[in-house]
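Close look at the chain arrangement
Chain by chain, the residues run as shown.
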Amino acid sequence: MSHSKHKRISVVGALAATALMALAACSSGGSTGTTTSGAAAGSGDKLITVGFSQVGSESGWRAANTKDIQETLTKENGFDLKFSDAQQKQENQIQAIRTYIAQGVDVIAFSPVVESGWDAVLEEAKAAKIPVVLTDRAVDSKDTSLYVTFLGSDFIKEGKAAGDWAVTEFGDKPTNIVELQGTTGSAPANDRMAGFKEAIASHTNLKIIASQTGNFTRSEGKTVMEGFLQANPSIDLVFAHNDDMGLGAIEAIEAAGKVPGKDIKIVTVDAVHDGMQALADGKINFIAECSPLLGQQLADVVKQVMAGKTPEKRIITTETTFTQEQAKAALPTRKY
Ligand code: AHR
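For the structure given in this document, a descriptive report is provided here. Keep in mind it's a predicted model, so treat the numbers as computed, not measured.

What counts as what
Residues numbered from 1 in each chain as written. Predicted model: local features only at pLDDT ≥ 70, side-chain atom pairs only at ≥ 80, totals over all residues. Heavy atoms only, no water. Helix = DSSP H or I, 4+ residues; strand = E, 2+ residues; numbered from the N terminus. Buried < 20%, exposed > 50% of the residue type's maximum accessible area, 1.4 Å probe, protein only. Near = heavy atom within 4 Å. Polar contact = N/O pair within 3.5 Å; in protein donor to acceptor, adjacent residues only side chain to side chain. Areas by Shrake-Rupley, 256 points an atom, 1.4 Å probe, with all protein chains shown as cover. 1 Å grid on protein atoms, 1.4 Å probe; cavity = no way out; pocket = protein on both sides within 12 Å on 5 of 7 lines; lining within 4 Å. Points joined across faces, edges and corners; volume = space filled by probe spheres on them. Nonpolar A, V, L, I, M, F, W, Y, C, P; charged D, E, K, R; others polar. Domains from an automatic or database assignment. Pairing = 2+ DSSP bridges. Contact = heavy atoms within 4.5 Å. Axes fitted to C-alpha atoms, helices over the stretch in contact; angles between N-to-C directions.

Broken down by element type, the protein carries twelve helices and 13 strands. For the protein, the proportion of its 336 residues judged to be buried stands at 54%.

Encoded structure:
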């Protein structure tokens, strides 16, 4: 990209002042916690500067995703990665994106905490001629020119895989299901719920009797499950939108004197190490995989964009599902 930093800042105009204040806050330990790796000014080939705004550190999945991105977009691989953790707050992500615009990075990448409310900041990036790559999660902007591509999982398919498993597992038996939802308004929560409901729609014996967000965290999953157990004496199945909430549910079920995986079955999404261990141990019954290893795809897409190429508008991650037996076999070589 040949656009100069000065040109970008002049396009952004008045917004730059606000963003530069945010930048000052970040570099002095502000709430978004922006860090940079591999700057190496003046040495060798020009590095591609990528500003990445991460959702937070809510789950094992997120930890693996952050590690993979930081280990892939390195100086050795040609990148100067500026990384910030939004602590699951949209306002922090917007602030981080404005900071990256003001800094004049080559590419902005981010995993949007929720689907809505991005148009204004994405228009600012577009006006500054900085390409935006959506990783992991989608936005619901009607104007798809605001981002170059969206790379990540098919969350509807994951929810559907969980629902299909429930249909096979419970057959015609009357089944009470409780749902631990991900962050309200996030793409994975919206889509996994939709996919699961679609899969069980024609099986009226399968009933979702309670749904509540556990915000993708283990602690909130546990708290919400405790409430479900108190309010509902006969729960047959937990559908947790991620492993961490499923692991929280296991703690609540055991504390209530029941056996997870037997008295109450559990189906989750992710297949991170702790979830796979619980699956192999018989405490979770089935997992639909969601891969956090998006670093290489992101690196490839950024290099394509910098070479003036147009990547596919939607890049879908390849994924599978795991039974308890498959988890036992996969665990020894699992990377995360
Ligand atoms: O966006 C991916 C989801 O976010 C993962 O399934 C969940 O664990 C994470 O918090």
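Back to the text.
So, about the site of the ligand. As a matter of local geometry, the ligand sits amid E58, S59, W61, R62, D136, R137, F155, P188, R192, F216, N242 and D270. One nitrogen or oxygen atom from the side chain of R137 is found 2.8 Å from an oxygen atom belonging to the ligand. If the ligand stood free it would expose 280 Å²; the protein chains cover 100% of that surface. Broken down by secondary-structure element, the contributors of at least two residues to the shell around the ligand are α3 (60-72) and α7 (187-200).

One non-glycine residue, Q88, adopts positive backbone phi at about 60°. Among the secondary structure elements, Q88 is positioned in the loop between β3 (79-85) and α4 (90-103). Classification of Q88 by relative accessible area gives partly exposed; the value is 22%. One non-glycine residue with positive phi stands out, namely D136, at about 75°. Along the chain, D136 turns up in the loop between β5 (132-135) and β6 (149-152).

Let us look at empty space enclosed by the protein. In total, this model carries two cavities of 30 Å³ or more according to the counting rule given. Empty space within the largest cavity amounts to approximately 80 Å³. Contributions of two or more residues to the lining of the largest cavity are made by α3 and α7. Residue composition of the lining of the largest cavity, grouped by class: five nonpolar, two polar and six charged. Composition of the lining of the largest cavity by domain shows at least three residues from each of domain 1 (5-153 + 292-318) and domain 2 (155-290).

One open sheet holds the six strands; their spatial order is β8-β7-β9-β10-β11-β13, and the pairing between them is mixed. The strands lining the two open edges of the sheet, one partner per strand, are β8 (206-213) and β13 (321-322). Against the sheet, helix α6 (residues 155-170) contacts β7 (175-181), β8, β9 (237-240), β10 (265-270), β11 (286-289) and β13, and its axis sits at roughly 160° relative to β10.

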